[in-house]
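Breakdown of the fold
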Amino acid sequence: MPFAGVSPDWIHELSEIAAMTLADFRRHVGDQAFAMLAVDCRPADGFISLSMLLSAESAIDPSLADPARTSAWKHEGLERKTGMWRLAAGVERVMQETYHCAEEADRPAIAEAFVGACLKAIHTERVAAEVECFLLAESFRITS
């Protein structure tokens, strides 16, 4: 059976978990200004991660504004900094199982659909409301 896409329920659940994670994380950062929120989504590994780049970090090293460099960010992997992300185990498992249960020829499209769904999840009003509670740089952006 061909892959029909990521369900709206999956996107909604991930959005709720991301919002709760950001709310919990905010307690740890005080008045630090942020330049970027990035989501890393790897369907084959069943891995989703949120990272935030401090404005001060990107001012010192502008190359950090490249989302491919999240591993160098001070606040890379918010899931390790807050207990809320444990709730993501279910959405990560669904993503990984969907990917691995599919025909190999369908996997690139499935991976692309989940990456797009992760972006949709962090661009929801629910997540935006939590993001707005942080001190944000004028050029703040959300990316993958």
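Anyway, here's the lowdown on the structure attached to this text.

Quick notes on the rules
- Residues numbered from 1 in each chain as written.
- Predicted model: local features only at pLDDT ≥ 70, side-chain atom pairs only at ≥ 80, totals over all residues.
- Heavy atoms only, no water.
- Helix = DSSP H or I, 4+ residues; strand = E, 2+ residues; numbered from the N terminus.
- Buried < 20%, exposed > 50% of the residue type's maximum accessible area, 1.4 Å probe, protein only.
- Contact = heavy atoms within 4.5 Å.
- Areas by Shrake-Rupley, 256 points an atom, 1.4 Å probe, with all protein chains shown as cover.
- Expected span 1.5 Å × (residues − 1).
- Arc of directions from axis to C-beta.
- Pairing = 2+ DSSP bridges.
- Axes fitted to C-alpha atoms, helices over the stretch in contact; angles between N-to-C directions.
- Parallel < 35°, antiparallel > 145°, perpendicular 65-115°, else oblique.
- Left-handed = near helix turned anticlockwise from the far one by under 90°.
- Nonpolar A, V, L, I, M, F, W, Y, C, P; charged D, E, K, R; others polar.
- Salt bridge = Lys/Arg side-chain N within 4 Å of Asp/Glu carboxyl O.

Helix and strand content of the protein: five helices and three strands. Ordering the α and β elements of the protein from the N terminus gives α-β-β-α-α-α-α-β. With the C-alpha coordinates of the protein rotated into their principal frame, the extents come out at 50 × 30 × 25 Å. Considering the protein as a whole, with its 144 residues, one finds that 43% of them fall into the buried category. In the protein, 70% of the contacts between residues at least 6 apart in sequence involve partners at least 24 apart. On the protein, roughly 7600 Å² of surface is accessible, and the fraction owed to carbon and sulfur atoms is 53%.

Here we take up helix α4 (residues 107-122). With 16 residues, α4 extends 23 Å from end C-alpha to end C-alpha; this agrees with the ideal 22 Å at 1.5 Å per step. Taken as a whole, α4 has its buried residues at R107, I110, F114, A117, C118, A121 and I122. Looking straight down α4, one finds its buried side chains confined to an arc of 130°; they lie on one side. For α4, the exposed residues set more than 90 degrees away from the buried face come down to P108, E112 and K120. Where α4 is buried, its residues meet α1 (8-26), β1 (33-42), β2 (47-54), α3 (89-101), α5 (125-131) and β3 (135-143).

What follows is about α3. Counted at 1.5 Å a residue, the expected span for α3 with its 13 residues is 18 Å, and the 18 Å between its end C-alpha atoms agrees. Listing the buried residues of α3 in full gives G90, V91, E92, M95 and Y99. Contacts from the buried residues of α3 go to α1, β1, β2 and α4.

Summarising burial for β2: seven of the eight residues are buried, a large majority. The sheet contact formed by β1 and β2 spans eight bridges and is antiparallel. Looking at the pairing, M36 lines up with L53 of β2. Linking two consecutive strands that pair antiparallel, namely β1 and β2, is a turn of four residues; a positive phi of about 65° is found at G46 within it.

Put simply, α3 and α4 touch, their axes get as near as 9 Å, and they point 160° apart. What the angle tells us is that α3 and α4 run roughly antiparallel. Relative to α4, α3 is oriented so that their crossing is right-handed. Touching M95, T98, Y99 and H100 of α3 are R107, I110, A111 and F114, all from α4. Of the residues that constitute the contact of α3 with α4, the class distribution is five nonpolar, two polar and one charged.

Of note, I60 is situated in helix α2 (residues 55-60). The sequence separation of I60 and T21 amounts to 39 residues, and the corresponding C-alpha distance is 27 Å.

Where side chains of opposite charge bring their charged atoms close, a pairing between them can arise. Throughout the structure, instances matching the rule amount to nine salt bridges. R27 is the salt-bridge partner of D24, the closest N and O atoms lying 2.9 Å from each other. When the shortest N-O distance is used, the salt bridge between D40 and R42 registers 3.2 Å. Judged by its relative accessible area of 29%, D40 is partly exposed. Through salt bridges with shared partners, one network takes in E16, R26, R126 and E130.

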